[in-house]
Amino acid sequence: MIRRQALGLIGTSALAGCGFELRRAPALRFNSIALAGFAPKSPLADELRSNIAASPTTRLVEAAAQAQVVLEALADGREKSVVASTAFGEVRELQLRSRFSFRLRTPQGRELIPATEILLSRDMSYRETAALAKEQEEAALYRSMQSDIVAQVLRRLASVPAP
């Protein structure tokens, strides 16, 4: 029993000594933020809201006039294109793209982050015999790209000085 506790303490201290730390929401330098320009029930907006809500320094408000800064979505889209096909015209590989354009401004209109576009792409093999599985893989890849976009947006928001 004592041996297990000792090994546990050694393992914990080794992790603490190497600088390991769980990922957490970045500390934003403004008190309040509003999201504008997103489509109703946008999954990207929902994930942004939940990540901003986890920030210890910033609260999310609905009205842009009450916010210190406004994150304005300019474009949010998904694209799919055929990259490779067989001689018979059967699709063999697809490329999935997720694109998000935004800007950060104050309610008075001063730009803190000019119009910025984030474009992510993933390649996916395709077989018609496994269409249902490939549809689920496509959805998982889009969710993964969405999470990557949210992480990039939050890192950019964290780098903005206090207005």
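Look a little higher up for the structure.
On a predicted model such as this, the values are computed, not experimentally measured, just so you know.

Draft legend 1. A look at the overall build of the chain. The helix and strand inventory of the chain stands at three helices and five strands. For the chain, the α and β elements follow one another from N to C terminus as α-β-α-β-β-β-β-α. In the chain, which comprises 163 residues, the proportion classed as buried is 31%. With an accessible surface of roughly 10,200 Å², the chain has 53% of that area assigned to carbon and sulfur atoms.

Draft legend 2. Structural view of the side chain of Glu-72. Among the structural elements, Glu-72 can be located in strand β3 (residues 69-85). By relative accessible area, Glu-72 is classed as buried at 18%. Side chain to side chain, Glu-72 and Arg-105 meet in a polar contact 2.9 Å long. Contacts of Glu-72, omitting those with residues within four sequence positions, involve Ala-36, Ser-101, Phe-102, Arg-103 and Arg-105.

Draft legend 3. Quick look at the pattern of salt bridges. Under the criterion given, the structure shown has eleven salt bridges. Taking the shortest distance from any N to any O, the salt bridge between Glu-72 and Arg-103 comes out at 2.9 Å. Pair noted here: Glu-72 is in strand β3 and Arg-103 is in strand β4 (residues 91-105), with a separation of 31 residues, a long-range link. Several salt bridges converge on common partners, so that one network encompasses Glu-72, Arg-103, Arg-105 and Glu-111.

Draft legend 4. Highlighting the environment of Arg-110. Residue placement: Arg-110 occurs in the loop between β4 and β5 (111-125). Taking the relative accessible area as the measure of exposure, Arg-110 reaches 48% and is therefore partly exposed.

Draft legend 5. Expanded view of helix α2 (residues 43-53). Buried within α2 are the following residues: Leu-44, Ala-45, Glu-47, Leu-48 and Ile-52. The buried residues of α2 occupy one face: seen down the axis, they fall within an arc of 165 degrees. Against the buried residues of α2 lie β1 (32-36), β2 (59-60), β3, β4 and α3 (131-158).

Draft legend 6. Inspection of the environment of Val-91 at higher detail. The residue Val-91 is located in strand β4 in this model. Separated by 36 residues in the primary sequence, Val-91 and Arg-127 have C-alpha atoms spaced 7.2 Å apart. Setting aside residues no more than four positions away along its own chain, Val-91 makes contact with Val-82, Ala-84, Ser-85 and Tyr-126.

Draft legend 7. Representation of unusual backbone geometry in the model. Phi at Lys-41 is positive, roughly 60 degrees, even though this residue is not glycine. Classification of Lys-41 by relative accessible area gives exposed; the value is 80%.

Draft legend 8. Structural view of the nonpolar core. Counting 31 residues, the largest nonpolar core has Ile-33, Phe-38, Leu-71, Phe-100, Leu-104, Val-153 and Leu-157 as its most contacted members. Contributions of two or more residues to this core are made by β1, α2, β3, β4, β5 and α3. Top element by residues in this core is α3. It accounts for nine residues. Look past the residues within four positions of Leu-71 in its chain and what remains in contact with it is Ile-33, Ala-34, Leu-35, Ala-36, Phe-38, Leu-48, Phe-102, Arg-103, Leu-104, Val-153 and Leu-157.

Definitions and limits used
- Residues numbered from 1 in each chain as written.
- Predicted model: local features only at pLDDT ≥ 70, side-chain atom pairs only at ≥ 80, totals over all residues.
- Heavy atoms only, no water.
- Helix = DSSP H or I, 4+ residues; strand = E, 2+ residues; numbered from the N terminus.
- Buried < 20%, exposed > 50% of the residue type's maximum accessible area, 1.4 Å probe, protein only.
- Areas by Shrake-Rupley, 256 points an atom, 1.4 Å probe, with all protein chains shown as cover.
- Polar contact = N/O pair within 3.5 Å; in protein donor to acceptor, adjacent residues only side chain to side chain.
- Contact = heavy atoms within 4.5 Å.
- Salt bridge = Lys/Arg side-chain N within 4 Å of Asp/Glu carboxyl O.
- Arc of directions from axis to C-beta.
- Core = buried A, V, L, I, M, F, W, Y, C linked by side-chain atoms within 4.5 Å.

Don't take any of this as a statement about function, it's just geometry.
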